[in-house]
Amino acid sequence: MKTILTLLFCLAIGSLTFAQKCAFTFEETDSKTGLQKKRIMTAITNQFIVWTIKDGENYRIGLEITMAELQKNNIQKGDTLSFLLTNNETVNGIAEDKYLPIGKADEMTESSNYFPFYSVSASEWLKLCANNMQYIKVNLGKEYIGFEVNEGKAKKIKAAAVCVK
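Just so it is clear, the model here is predicted, and its values are computed rather than measured.

What counts and what doesn't
Residues numbered from 1 in each chain as written. Predicted model: local features only at pLDDT ≥ 70, side-chain atom pairs only at ≥ 80, totals over all residues. Heavy atoms only, no water. Helix = DSSP H or I, 4+ residues; strand = E, 2+ residues; numbered from the N terminus. Buried < 20%, exposed > 50% of the residue type's maximum accessible area, 1.4 Å probe, protein only. Contact = heavy atoms within 4.5 Å. Areas by Shrake-Rupley, 256 points an atom, 1.4 Å probe, with all protein chains shown as cover. Salt bridge = Lys/Arg side-chain N within 4 Å of Asp/Glu carboxyl O. Disulfide = S-S within 2.5 Å.

### Focus on the overall build of the protein chain
- Looking only at helices and strands, the protein chain features three helices and eleven strands.
- The order of helices and strands in the protein chain, counted from the N terminus, is α-β-β-β-β-β-β-β-β-β-α-β-β-α.
- Considering the protein chain as a whole, with its 165 residues, one finds that 36% of them fall into the buried category.
- When contacts within the protein chain are restricted to residue pairs at least 6 apart in sequence, long-range pairs at least 24 apart make up 55% of them.
- Carbon and sulfur atoms provide 55% of the accessible area of the protein chain, an area that totals close to 10100 Å².

### Considering the pattern of salt bridges
- If you walk through the whole model with that rule in mind, you get six salt bridges.
- Arg60 is the partner of Glu96 in a salt bridge, and the nearest nitrogen-oxygen pair spans 2.9 Å. With Glu96 in the loop between strand E6 (90-95) and strand E7 (102-105) and Arg60 in strand E4 (residues 58-67), the pair connects residues that are 36 residues apart, well separated along the chain.
- A relative accessible area of 25% places Glu96 in the partly exposed class.
- Overall, Arg60 belongs to the buried group, its relative accessible area being 16%.
- Connected through shared salt-bridge partners, Arg39, Asp55, Arg60 and Glu96 make up one network.

### Some words on the state of the cysteines
- Under the criterion given, the structure shown has one disulfide.
- Between Cys22 and Cys163 runs a disulfide, and the two sulfur atoms are separated by 2.0 Å. Across the disulfide from Cys22 to Cys163, rotation about the S-S bond amounts to roughly -85°, and the bridge is consequently left-handed. With Cys22 in the loop between helix H1 (2-18) and strand E1 (26-29) and Cys163 in helix H3 (residues 151-164), this pair connects stretches of sequence that are 141 residues apart.
- By relative accessible area, which is 36% here, Cys22 ends up partly exposed.

Structure (structure tokens):
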């Protein structure tokens, strides 16, 4: 009996230790629809931030991209966002709208910012929840930019995807 109680105690402590804590950047319930909205922000670098978002039943990825020079390329509605996962699968998102670069310039620096949102299917989201990513590719019309994701940041994005799921 003492062995069984010790085993149950160890299992309870272990499950508490490994329980995932979800720190939402934004969480609310829509007063009209009753649907929950959840968002978690993960900074890959100071110039690249990923938002994992669930609005009701829809999954979305939001990005904040800062580029060191003024840009003229737009993200067109329907352009893709691709995550290459560590198991060599790809998760794709589709741009929800047209996104223009927002340029800033002064005597010291020039930069452009993009703030696009991408729809991701539930089946693609499950892939994102099951595997770490290693590379992100963002299409800007006919051109693209890519970002490597280190293992620590990849784990954070995967955990954020699981939390909002």
